[in-house]
Amino acid sequence: MISAEKIPNNVGLSSNKRLQRALEHWQPKYIQWWRDMGPQGFQDYHQVYVRTAVSVDPSGWAHFEYVKLPEYRWGIFLADPVHDRRIGFGDFFGQPVWQEVPGEFRNQLRRLIVTQGDTEPASVEQQRWLGQRCPSMYDLRNLFQVNVEEGRHLWAMVYLLHSYFGRDGRDEAEDLLARQSGNRDKPRILDAFNEPIENWLDFFMFTMFTDRDGKSQLLSLSESSLDPLSRTTRFMLTEEAHHMFVGETGIARIIERTCQLLKDAGFSEDVRKLGGIDIPTVQKFINLWFSLSLDLHGNEISTNAASYFGNGLKGRAQEEKFDDHHVGESYYELDVPNGNGLERQHIPMRSAMNEVLRDWYVGDCEAGVVRWNKIFERHGMSERLRLPDRKFNRGIGMFRPLHFEPSGAPISEAEWKRRRGEWLPSPADREYLLSIMSRPVYEPGKFANYIAPPIRGVNRMPINFEYVRTEA
Ligand code: BYC
């Protein structure tokens, strides 16, 4: 049943009996999970024009074909090895990288891989109803592309668990299919992956901001001394880039359409009356998903992060850009709450590694917002979107018990409760979005009124291509 034909791979699956046996046990459960928790209503009678990775070279991971979603060929790929790769940071700097898991770091590595792995099926679960509300066939196809690739990322982590963690790894791989996003008894590990994604504004913000956390975490894991983890995550990054493209251009197309609607109405109308999405609502969803995704980087001061770095398990994004890879004696300047304000403290750099990665992440997000604002400029409009301050609406870390406006100004709990609806999506906002998305658009080349068409189609196909075919 398990074959290289069904599971494209570059890990020698056909000669690896142990991995074959483990996968033979796991794969049917995965398919069952995909049917139960994957895209609802698109499992049996639809063929989707998706990309399947069949090898790691550029031509191989851009192989397009129509497939039924449960028959997608989820593969296992590692980026090509780097000759004589050496550990790039931490206490073992300069030593050869590891091809096996060192016993003393087994638990930490397993925890990192399980946390990463848990997010992948979680996102598929979160997005499983969106096909029923899609703004176009082009977007529907992109949603499914993202979903199958998140499924493949789960396979990537399961490959590592099966290959390097024995019995424990096999148990963890089963648990990855047992936890469920938003489930009260067995939720997903990280908070943002238990949030509902019920409309397409949520989806585009998620792929813009939360997948970008995926990028920062994968960049830091791709520095790992455990070479198979490094190579696996390096290949995942190529797919992650497409997910962020979907998010960023999705929001850009909503902004574009909103500007057009406003222009047509002489800038005098409430965009909602015209069936569009108003800028304050877009801003609220930025505030929500950016703050949730900041939380995904963990506590500002973290002994876990220090030990991941010291042990060479998880580095910084683009570690080669830093001069000091040992980071034994440097400090990070952090504004820490101290009763009645913030106090600048010097934190040992290793303990501040989550914050270092968060800095990288905020910069990457900012660049995206600048690109969105260019759309307003082009339309001669003065509106601008912005990222909220990183203290705003935090659920993890030292700002969690405190309250701040999006500007970063501190406020009381009473004021927070009174005004949070100004800054975060309210039930009325969500109701409005569902009302304009209640009728899905399945006709090729047609787009919902609240979103502009993309500039080009997928894989040089026209925009009105039949990206999802329905079987008679
Ligand atoms: N929610 O020392 P700390 C992606 C817990 S996204 C709930 O700061 P650490 C994707 C933490 O577990 C990328 N709990 O934690 C995107 C710990 O618990 P215990 C996913 C949280 O370990 C879109 C405690 O707080 N990849 O790929 O330094 C679609 C102390 O925390 C949260 C990874 O995350 C939270 N947000 O840092 C699909 C990479 N944050 O031990 C996919 C692997 C912290 O006290 N994971 N806690 O019970 C890691 O590198 C780290 O585990 C974290 C947390 C950065 C997440």
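Residue numbers here run from 1 along each chain, matching the order of that chain's written sequence. Since the coordinates come from a predicted model, pLDDT governs what is reported: local features require at least 70, and pairs of side-chain atoms require 80 or more to be given and counted, while whole-chain, interface and lining totals use all residues. As a rule here, side-chain values cover all heavy atoms of the structure and leave hydrogens and water aside.

Chemist: Is there a simple way to think about the overall build of the protein chain in this case?
Modeler: Comment: elements are numbered from the N terminus, with helices defined as DSSP H or I runs of at least four residues and strands as E runs of at least two. When helices and strands are tallied, the protein chain shows eleven helices and five strands. Taking 23 Å as the expected radius of gyration for a compact globule of 472 residues, we find that the protein chain reaches 23 Å, a close match to that expectation. By the burial criterion, 58% of the 472 residues in the protein chain qualify as buried. Long-range pairs, those at least 24 residues apart, make up 73% of the contacts in the protein chain between residues at least 6 apart in sequence. The protein chains shown are the only cover counted for residues, whose accessible areas, like all others here, come from Shrake-Rupley with a 1.4 Å probe. Here the protein chain has roughly 19,900 Å² of accessible surface; of this, 49% comes from carbon and sulfur atoms. Taking the average place of the 59 positive charges on the side chains of the protein chain and the average place of its 66 negative ones, the gap between the two points comes to 3 Å. With the radius of gyration taken over C-alpha atoms, the globule rule is written as 2.2 Å times the number of residues to the power 0.38. Burial here depends on accessible area, computed with a 1.4 Å probe over protein chains only, as a share of the maximum for the residue type. Under 20% is buried, over 50% is exposed, and the range in between is partly exposed. We call two residues in contact when some of their heavy atoms are within 4.5 Å. This count recognises Lys and Arg as positive and Asp and Glu as negative, with His and chain-terminal groups excluded. Note that the charge is assigned to NZ on lysines, CZ on arginines, CG on aspartates and CD on glutamates.

Chemist: Sorry if this is basic, but what is going on with the sheet that holds strand 5 (residues 468-470) here?
Modeler: The pairing of strands in a sheet happens through backbone hydrogen bonds and is either parallel or antiparallel. Whether two strands pair comes down to DSSP finding at least two bridges between them. Ordered by their spatial adjacency, three strands build an open sheet running 2-1-5, and the pairing between neighbours is antiparallel. Of all the strands in the sheet, just strand 2 (63-67) and strand 5 have a single pairing partner and so form its edges. Taking the axes of each pair of neighbouring strands and ignoring which way they run, one obtains an average angle of 20 degrees across the sheet. Bridging between strand 1 (residues 46-52) and strand 5 involves three bridges; their strand directions are antiparallel. Bridge pairing in strand 5 places Gln-47 opposite Arg-469. Together, strand 1, strand 2 and strand 5 form the strand contacts of helix 3 (residues 137-164), whose direction differs from that of strand 1 by roughly 60 degrees. Lines fitted to C-alpha atoms define the axes, with helix axes restricted to the stretch in contact, and inter-axis angles between N-to-C directions lie between 0 and 180 degrees.

Chemist: How do you make sense of the packing of helix 3 against helix 6 (residues 227-264) when you look at a structure like this?
Modeler: When two helices pack together, you describe them by how their axes are tilted relative to each other and by the distance separating the axes. In contact at an axis separation of 11 Å, helix 3 and helix 6 are set at 160 degrees when each is read in the N-to-C sense. The orientation of helix 3 relative to helix 6 falls into the category roughly antiparallel. In terms of crossing hand, the pair formed by helix 3 and helix 6 is left-handed. Throughout this entry, Asp, Glu, Lys and Arg are counted as charged residues, while Ala, Val, Leu, Ile, Met, Phe, Trp, Tyr, Cys and Pro are counted as nonpolar. The remaining residues, Gly among them, count as polar. Split by residue class, the contact of helix 3 with helix 6 holds twelve nonpolar, seven polar and eight charged. Note on terminology: angles under 35 degrees are roughly parallel, angles over 145 are roughly antiparallel, angles of 65 to 115 are roughly perpendicular, and the others are oblique. Whether a crossing is left-handed or right-handed is set by the direction in which the near helix is turned from the far one by less than a right angle, anticlockwise for left-handed and clockwise for right-handed.

Chemist: Looking at this structure, I do not really get unusual backbone geometry. What am I missing?
Modeler: For residues other than glycine, phi is negative in most cases, and the peptide bonds are mostly trans. Despite not being glycine, Asp-84 has its phi angle at roughly 55 degrees, a positive value. The phi dihedral of Gln-318 falls on the positive side, at around 55 degrees, and the residue is not glycine. As for its placement among the helices and strands, Gln-318 is situated in the loop between helix 8 (303-310) and strand 3 (331-337). Given the relative accessible area of 25%, Gln-318 is considered partly exposed.

Chemist: When you look at a positive patch on the surface in this model, what are you seeing that I'm missing?
Modeler: Distance thresholds for patches are 9 Å for like charges and 5 Å for nonpolar side chains (Val, Leu, Ile, Met, Phe, Trp, Tyr), applied to residues having over 30% relative accessible area and no salt bridge. The working definition used for a salt bridge is a side-chain nitrogen of Lys or Arg within 4 Å of a carboxyl oxygen of Asp or Glu. Together, Lys-17, Arg-18, Arg-21 and Arg-170 make up a region of like positive charge exposed at the surface. Broken down by element, the positive patch gets its largest block of residues, three residues, from helix 1 (residues 17-37).

Chemist: Please clarify how helix 9 (residues 353-378) should be interpreted in this entry.
Modeler: Note: α-helices contain 3.6 residues per turn, so residues at a spacing of three or four share the same orientation. Over its 26 residues, helix 9 runs 39 Å from end to end, which matches the ideal 38 Å to within 8%, given 1.5 Å per residue. Downstream of helix 9 by a residue or two, Gly-380 has a phi angle that is positive, lying close to 65 degrees. To estimate how far a helix should reach, multiply one less than its number of residues by 1.5 Å.

Chemist: Sorry, what's going on with the site of the ligand here?
Modeler: We call a residue near a molecule or strand when any one of its heavy atoms sits within 4 Å of it. In the vicinity of the ligand there are 30 residues, among which Arg-111, Gln-116, Asn-299, Ser-302 and Lys-314 approach most closely. Within the backbone of Asn-299, one N or O atom sits 2.5 Å away from an oxygen atom of the ligand. Within 3.5 Å is the distance limit for a polar contact, defined as a pair of N or O atoms, with the added protein rule that one can donate a hydrogen and the other accept it, and that residues adjacent in sequence qualify only through two side-chain atoms. Contact distances for the ligand include 3.1 Å between an oxygen atom and a side-chain N or O atom of Asn-304. Among the secondary structure elements, those contributing two or more residues to the shell around the ligand are helix 2 (106-126), helix 5 (200-221) and helix 8. Sort the elements by how many residues they give to the shell around the ligand and helix 2 lands first, with seven residues. When its residues are assigned to classes, the shell around the ligand shows nine nonpolar, 13 polar and eight charged.

Chemist: Got a minute to help me understand the pattern of salt bridges in this structure?
Modeler: Taken as a whole and assessed by the stated rule, the structure comprises 41 salt bridges. Put simply, Glu-174 and Lys-29 hold a salt bridge, and the shortest N to O gap is 2.9 Å. In this pair, Glu-174 sits in helix 4 (residues 166-178) while Lys-29 sits in helix 1, placing the two residues 145 residues apart along the sequence. Since its relative accessible area comes to 28%, Glu-174 is described here as partly exposed. A salt bridge links Asp-364 to Lys-215; its shortest N-O distance comes to 3.1 Å. Here Asp-364, found in helix 9, pairs with Lys-215, found in helix 5; they are 149 residues apart in sequence, far enough to count as distant.

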